[in-house]
Amino acid sequence: MPKIKTRRSAAKRFKVTGTGEFKRAKAFKSHILEKKSPSRKRNLRKAGLVSKSDHERVTKMLPYA
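Residues numbered from 1 in each chain as written. Predicted model: local features only at pLDDT ≥ 70, side-chain atom pairs only at ≥ 80, totals over all residues. Heavy atoms only, no water.

1. Details of the overall build of the chain
Line of reasoning, step 1. Looking only at helices and strands, one finds 3 helices and 3 strands in the chain.
Line of reasoning, step 2. Seen in sequence order, the chain has helices and strands lined up from the N terminus as α-β-β-α-β-α.
Line of reasoning, step 3. For a compact globule of 65 residues, the expected C-alpha radius of gyration is about 11 Å, and the chain comes in at 15 Å, more than 25% above that figure.
Line of reasoning, step 4. In terms of overall dimensions, the chain has a C-alpha envelope of 55 × 25 × 20 Å along the principal axes.
Line of reasoning, step 5. Counting across all 65 residues of the chain, residues that qualify as buried make up 15%.
Line of reasoning, step 6. Here the contacts in the chain between residues at least 6 apart in sequence split such that 59% fall between residues at least 24 apart. (Helix = DSSP H or I, 4+ residues; strand = E, 2+ residues; numbered from the N terminus. Rg over C-alpha atoms; globule rule 2.2 N^0.38 Å. Buried < 20%, exposed > 50% of the residue type's maximum accessible area, 1.4 Å probe, protein only. Contact = heavy atoms within 4.5 Å.)

Written out as structure tokens, the structure reads:
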């Protein structure tokens, strides 16, 4: 069988943690930042985790992760 191709768009967005979960960046941090509070913007900097319902979809996009 040939090797499975990785979806490059997903490879740039997700990183695997030691326990096998996927780290992701949080949304709503690119523009319209004036009306968002400093604490909210600070929390958006932190990494989030992919939810359990989406975990299988990300795994299929990253077969070797």
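2. Considering the packing of aromatic side chains
Line of reasoning, step 1. A full pass over the atoms with the stated rule returns 1 aromatic pair.
Line of reasoning, step 2. Plain terms: the ring middles of Phe-14 and Phe-22 are 6.4 Å apart, the flat faces sit at 70 degrees to each other, and that makes the pair edge-to-face. A single burial state applies to Phe-14 and to Phe-22, both of which are buried. (Phe/Tyr/Trp six-rings, centres within 6.5 Å; stacked < 30°, edge-to-face > 60°.)

3. Digging into the sheet that holds strand β3 (residues 48–49)
Line of reasoning, step 1. Strand order in this open sheet of 3 strands is β1-β2-β3, and the pairing throughout is antiparallel. Only two strands of the sheet have a single neighbouring strand rather than two, namely β1 (15–16) and β3.
Line of reasoning, step 2. Where β1 and strand β2 (residues 22–24) come together, 2 bridges link them in antiparallel fashion. The residue of β2 that forms the bridge with Val-16 is Phe-22. (Pairing = 2+ DSSP bridges.)

4. Observations concerning the pattern of salt bridges
Line of reasoning, step 1. In total, this model carries 2 salt bridges according to the counting rule given.
Line of reasoning, step 2. Its salt-bridge partner being Arg-57, residue Asp-54 comes within 3.0 Å of it at the nearest N-O pair. Remark: Arg-57 and Asp-54 occur in helix α3 (residues 52–61); sequence separation between them is 3 residues, near one turn of the helix.
Line of reasoning, step 3. Residue class for Asp-54 comes out partly exposed when judged on its relative accessible area of 29%.
Line of reasoning, step 4. By relative accessible area, Arg-57 is classed as exposed at 57%.
Line of reasoning, step 5. We note a salt bridge from Lys-60 to Glu-56, for which the minimum N-O separation is 3.7 Å. (Salt bridge = Lys/Arg side-chain N within 4 Å of Asp/Glu carboxyl O.)

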